[in-house]
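Chain by chain, the residues run as shown.
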Amino acid sequence: MSKKITFIRNASQLVTLAGSSDAPLTGKKMDQLNIIENGGLWIEDGLIEYVGVDGEVAERYKDRIGEAEIIDATGKLVTPGLVDPHTHLVYAGSRENEFNMRLQGATYMEIMNQGGGIHATTSATREASHEVLFEEGRKRLDQFLLHGVTTIEAKSGYGLTLEHEIKQLEVAGQLHEQHPVDIVRTFMGAHAVPSEYKADPDVFVDKVIHEMIPEVARRNLAEFNDVFCERGVFTPEQSKRILEAGINHGLLPKIHADEIEPYEGAELAASIGAVSADHLLRASDKGIAMMAEAGVIAVLLPGTAFFLMAESADGRKMIDAGVPVALSTDCNPGSSPTVSTPLIMNLGCLRMGMTSAEVLTAATINAAHAIKRGKEIGSLEKGKKADIVIFDVPNYMQLQYRYGVNHAHTVLKGGVIVV
Ligand code: NIG
Ligand code: FE
């Protein structure tokens with residue numbers, strides 16, 4: 001059978017981010033996109049074969065141009081497919097009632113402590129069948145894809161029993177199999193202390209450690225293990241035990257850290273060698289310095305800060321301190337019900353002092369590293385998967401400047417046009 005060949009031609013800017021597959025970009029390197037003007041990109045059987053100036057690519061493959069499907073990107077921006085490294089994709093129900101309560105002064109933690117918040121979504125998700133969860137997740141994935149997102153991470157954490165956590169992870173696995181968007185799974189049994197264990201949270205922590213983590217790992221249902229380390233949820237000490245249990249079972253640590261209050265979450269992430277620490281609105285300077293030293297990726301979620309009407313994490317400070325920064329939606333029904341990774345990039349610029357180039361690095365290659373996919377996706381280089389977005393803007397700065405608009409025009413997943 002002949003190879004499927006695609007040739008993307010004449011991109012006004014082709015953002016390659018070349019040379020970033022081994023490690024996330026830090027400091028000034030986050031601001032260097034390695035752009036080719038008037039670029040061309042040759043794809044064979046789903047993989048990138050060659051990237052260069054259009055005329056050079058055309059000359060190199062002149063004998064085979066007739067075999068290629070040509071995509072004309074004149075006047076357009078070509079980037080790696082966006083990667084969203086922190087979502088709570090699989091859940092049932094919605095919480096617009098809480099949004100309305102917050103608009104009238106209630107806080108996120110008050111609502112959660114009164115049995116709403118994560119608990120409300122847990123009840124709805126426990127009641128939902130595989131089919132309902134699949135269908136809800138599929139709709140959100142379709143929307144992610146329309147915005148140019150080609151890979152996401154998805155957490156469990158709305159089951160909070162072994163049975164229902166497994167149900168969420170299985171649904172995420174089925175979505176990965178059946179939907180063009182790739183999904184990387186994270187177990188987050190420690191997302192909240194379920195109401196049944198309110199009186200004795202350590203009993204629940206022991207269940208997570210001794211029952212859930214071993215079974216999830218045995219069944220290969222996740223690659224990462226995450227915990228909501230926050231006052232009133234899990235303490236740093238409990239979080240450490242949970243993350244260490246994951247490590248012992250081959251699940252790589254991630255952590256929801258310092259979201260509402262400073263709680264030494266960034267410090268814990270660094271000392272345990274977490275792949276990423278996420279949120280970090282209230283991370284301490286010491287914690288940030290420790291993360292830079294340990295190479296922990298900061299996954300920043302400015303949509304969550306925006307939606308909770310809180311001050312964003314200080315992305316600028318983190319980059320300047322040498323922390324590799326990635327961006328994500330945090331897509332979830334309570335604190336960030338959005339699927340627009342491009343909007344998050346806009347907020348990264350407008351609320352966290354990041355440049356137009358830095359947010360693109362943060363939503364592609366650094367996001368890929370935050371889910372251990374830096375060698376396969378996140379940049380446009382020979383041998384990488386042809387996950388590509390063509391935006392209908394002439395340069396990467398317009399992507400941020402013309403904010404709040406979905407500029408994704410064509411999306412390729414493994415070399416195939418899916419949008
Ligand atoms: O990342 N902070 C904890 N977990 C989610 C919110 C989950 C929810 O409210 O349903 C977050 O913001
Ligand atoms: Fe989250």
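Residues numbered from 1 in each chain as written. Chains lettered and ligands numbered in written order. Predicted model: local features only at pLDDT ≥ 70, side-chain atom pairs only at ≥ 80, totals over all residues.

## A few points about the site of ligand 1
Here is the rule: By definition, a residue lies near a molecule or strand provided its backbone-derived C-beta atom is within 6 Å of it. Gly falls in the polar group here, along with every residue not listed as nonpolar (Ala, Val, Leu, Ile, Met, Phe, Trp, Tyr, Cys, Pro) or charged (Asp, Glu, Lys, Arg).
Not every one of the 13 residues close to ligand 1 is listed here, only the nearest: Ile118, Phe228, Asn332, Gly334 and Ser335. Class assignment for the residues of the shell around ligand 1 results in 3 nonpolar, 8 polar and 2 charged.

## Some thoughts on helix H13 (residues 341-352)
What counts is decided by this rule: Using C-beta atoms placed from the backbone, we call a residue buried if 20 or more other C-beta atoms fall within 10 Å of its own, exposed if 12 or fewer do, and partly exposed for counts in between. Strands here mean DSSP runs of E at least two residues long; helices mean DSSP runs of H or I at least four residues long; both are numbered from the N terminus.
For H13, a buried count of 9 out of 12 residues is recorded, marking the element as mostly surrounded by other parts of the structure. Listed as buried for H13 are Thr341, Pro342, Ile344, Met345, Asn346, Leu347, Gly348, Cys349 and Met352.

## Details of the UniProt feature "transmembrane region" (unreviewed entry) in the chain
To be explicit about the condition: UniProt positions are given in the numbering used here, feature names are shortened, and annotations may be inferred rather than shown by experiment.
Per the UniProt record, "transmembrane region" (unreviewed entry) is annotated on residues 288-309. Helix makes up 59% of residues 288-309 and strand 18%. Its end C-alpha atoms lie 23 Å apart.

## A short note on the confidence of the model for the chain
Interpretation of this model should avoid reading the predicted coordinates in detail wherever pLDDT is low. In plain terms, the rule: Per residue, pLDDT measures the predictor's confidence, with a range of 0 to 100.
With 100% of its residues at a pLDDT of 70 or more, the chain shows a mean pLDDT of 98. The ipTM for the predicted assembly is 0.97, set against a pTM of 0.98.

## Description of the nonpolar core
One broad rule of soluble globular proteins: the nonpolar side chains tend to lie buried together. To keep things clear, this is the line we draw: Buried Ala, Val, Leu, Ile, Met, Phe, Trp, Tyr and Cys residues whose C-beta atoms connect them within 7 Å together make up a nonpolar core. Remark: residues whose backbone-derived C-beta atoms lie within 7 Å of one another are considered to be in contact.
Ranked by size, the top nonpolar core spans 133 residues in total, and within it Val78, Ala266, Ala269, Ala277, Met291 and Ala298 carry the most contacts. With 7 residues, the single largest contributor to this core is helix H7 (residues 201-218). Residues within four places of Ala266 in sequence aside, it is in contact with Ala257, Asp258, Ala277, Leu280, Ala283, Ser284, Gly287, Ile288, Met290 and Met291.

## Focus: the sheet that holds strand S7 (residues 149-155)
We apply this condition: The pairing criterion for strands is at least two bridges between them, as found by DSSP. Structural elements are reduced to axes, namely lines fitted to C-alpha atoms, with helices fitted over the stretch in contact, and the angle between N-to-C directions of any two is expressed from 0 to 180 degrees.
Strand order in the open sheet formed by 8 strands is S6-S7-S8-S9-S10-S11-S12-S13, with parallel pairing between adjacent strands. Two strands in the sheet have a free side with no partner beyond their single neighbour: strand S6 (82-84) and strand S13 (325-327). Sheet twist, expressed as the average angle between the axes of neighbouring strands with direction ignored, equals 25°. Pairing between strand S8 (residues 182-190) and strand S9 (residues 224-229): 3 bridges, direction parallel. Its bridge partner lying in S9, Thr186 is registered against Phe224.

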